[in-house]
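Spelled out, the chains give:
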Amino acid sequence: MIYVAPSLLAADFSDLKGEISRIEAAGANYLHLDVMDGHFVPNISFGAGLISSIRRHTQIYFDVHLMISDPLRYADDFIRAGADIITFHYESVKDPMETLRAIKAKHIRCGIAISPQTPAEVLYPFVTEADMLLIMTVEPGFGGQSLIPECLDKATALRRRANSLGVKIDIEADGGINADNAGSVIASGVNILVAGSSIFKSKKPRTVIQTMRASEETHPFIG
Ligand code: DX5
Ligand code: ZN
């Protein structure tokens, strides 16, 4: 099954409650929450305070994507705020495996992300350890960029690796995904699609989400 995770970054921040009900009604599976610190990435978005405020208004699964330095230091804040899964960047820490284990020890699901220039191989040891692998298909930091198709080869390598080990892991792609390219993203082995602009900026988010999900039929993953 394909999951669609609209990224709140592209929402109208003057009406977050309304924006969240709009994408829930449109059939979103997850809400993707992009946390940026102006240090690991050259942009600042929002933090645990905002997440905790919106948590009161929705039951939707909170997929928290930390683009911050020292994610372990802030993990408790995001858990308290209501995250269902926390994903940190491989590039943001000295010892990614130790960080993953320390976050998972807090009884929260934990994913690990790689930026476009980081090779898939670094995530091989995480296929049996992480709850999710996140492949960035744009440079992290800003919504509204175009998908870099070469990044999808990494999803394929990781899906093959997981399949050969008999592991069912979530592979998420994030950045520049829309109804037109969702098929190629799914065909690469991805099962969770993050999409900000293409969903929130659309007048028909339900159609966009349905089209994305339906692309699985025409673009199955061929391992
Ligand atoms: C980029 C973020 C993405 C972004 C996706 O750093 O991680 O989640 O908001 O937005 P679109 O779909 O507009 O590229
Ligand atoms: Zn993201």
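Here goes a summary of the coordinates provided. (Residues numbered from 1 in each chain as written. Chains lettered and ligands numbered in written order. Predicted model: local features only at pLDDT ≥ 70, side-chain atom pairs only at ≥ 80, totals over all residues. Heavy atoms only, no water.)

### Quick notes on the packing of aromatic side chains
Put simply, the rule reads: To pair, rings of Phe, Tyr and Trp, with the six-membered ring standing in for Trp, must have centres within 6.5 Å; the planes then decide the type, stacked if under 30 degrees apart, edge-to-face if over 60, and tilted in the middle. To qualify as a helix, a DSSP run of H or I must reach at least 4 residues; to qualify as a strand, a run of E must reach at least 2; elements of each kind are numbered from the N terminus. Think of it in three bands: residues with accessible area under 20% of the maximum for their type are buried, residues over 50% are exposed, and the middle band is partly exposed, with areas taken using a 1.4 Å probe on protein chains only. Whether a charge sits over a ring comes down to the Lys NZ or Arg CZ being within 6 Å of the ring centre and within 35 degrees of the ring normal.
Inspection of the entire model under this criterion finds 4 aromatic pairs. Arranged with centres 6.1 Å apart and planes meeting at 45°, the rings of Phe13 and Phe46 form a pair that is tilted. Here the residue Phe13 occupies a position in the loop between strand 1 (3-6) and helix 1 (16-25), and Phe46 occupies one in the loop between strand 2 (30-36) and helix 2 (48-55), the gap between them amounting to 33 residues. Given a relative accessible area of 8%, Phe46 falls into the buried group. Between Tyr30 and Tyr61, the ring centres sit 4.2 Å apart and the planes meet at 25°, which makes this aromatic pair stacked. Taken together, the residues span a long stretch of sequence, with Tyr30 in strand 2 and Tyr61 in strand 3 (residues 61-67) at a distance of 31 residues. Members of the aromatic cluster, each reached through a chain of ring pairs, are Tyr3, Tyr30 and Tyr61. Sitting over the face of the ring of Phe62, Arg55 holds its NZ or CZ atom 3.6 Å from the ring centroid.

### Looking at the coordination of the zinc ion (ligand 2)
Here is the rule: Note that water is not among the atoms used; donors are N, O and S atoms within 2.8 Å of the metal (3.2 Å for Na, K and Ca), so sites may look incomplete. When four donors show all angles between 85 and 135 degrees the site is tetrahedral, when four or six donors have opposite pairs over 155 degrees and all other angles between 65 and 115 it is square planar or octahedral respectively, and in every other case it is irregular.
Protein coordination at the zinc ion (ligand 2): the donors are His32 (NE2), Asp34 (OD), His65 (ND1) and Asp174 (OD), at 2.0 to 2.3 Å from the metal. For the zinc ion (ligand 2), the 6 donor atoms in the first shell make angles of 69 to 170° at the metal, so the coordination geometry reads as octahedral. Mapped onto the sequence, the donors of the zinc ion (ligand 2) take the spacing H-x1-D-x30-H-x108-D. Just as His32 is buried, Asp34 falls in that class too.

### Focus on helix 8 (residues 205-218)
In plain terms, the rule: Multiplying 1.5 Å by the helix residue count minus one yields the expected span of that helix.
The terminal C-alpha atoms of helix 8 lie 21 Å apart, and with 14 residues this matches the ideal 20 Å at 1.5 Å per residue to within 8%. When helix 8 is considered as a whole, its buried residues turn out to be Pro205, Val208, Ile209, Met212 and Ser215.

### Examining the sheet that holds strand 4 (residues 85-89)
Let me state the cut-off plainly: Pairs of strands are assigned from DSSP output, requiring at least two bridges between the strands. Orientation is described by lines fitted to C-alpha atoms, with helices fitted over the stretch in contact, and by angles between N-to-C directions that extend from 0 to 180 degrees.
Ordered in space as 1-8-7-6-5-4-3-2, the 8 strands form an open sheet in which the pairing is parallel. A single partner strand is all that each edge strand has here, and the edge strands are strand 1 and strand 2. The average angle at which neighbouring strand axes cross in this sheet is 25°, direction not considered. As judged from the 5 bridges shared by strand 6 (residues 132-136) and strand 7 (residues 170-174), these two strands associate in the parallel manner. The residue bridging Met132 from the neighbouring strand is Asp170, located in strand 7.

Honestly, that's just the spatial picture; any functional story needs more than this.
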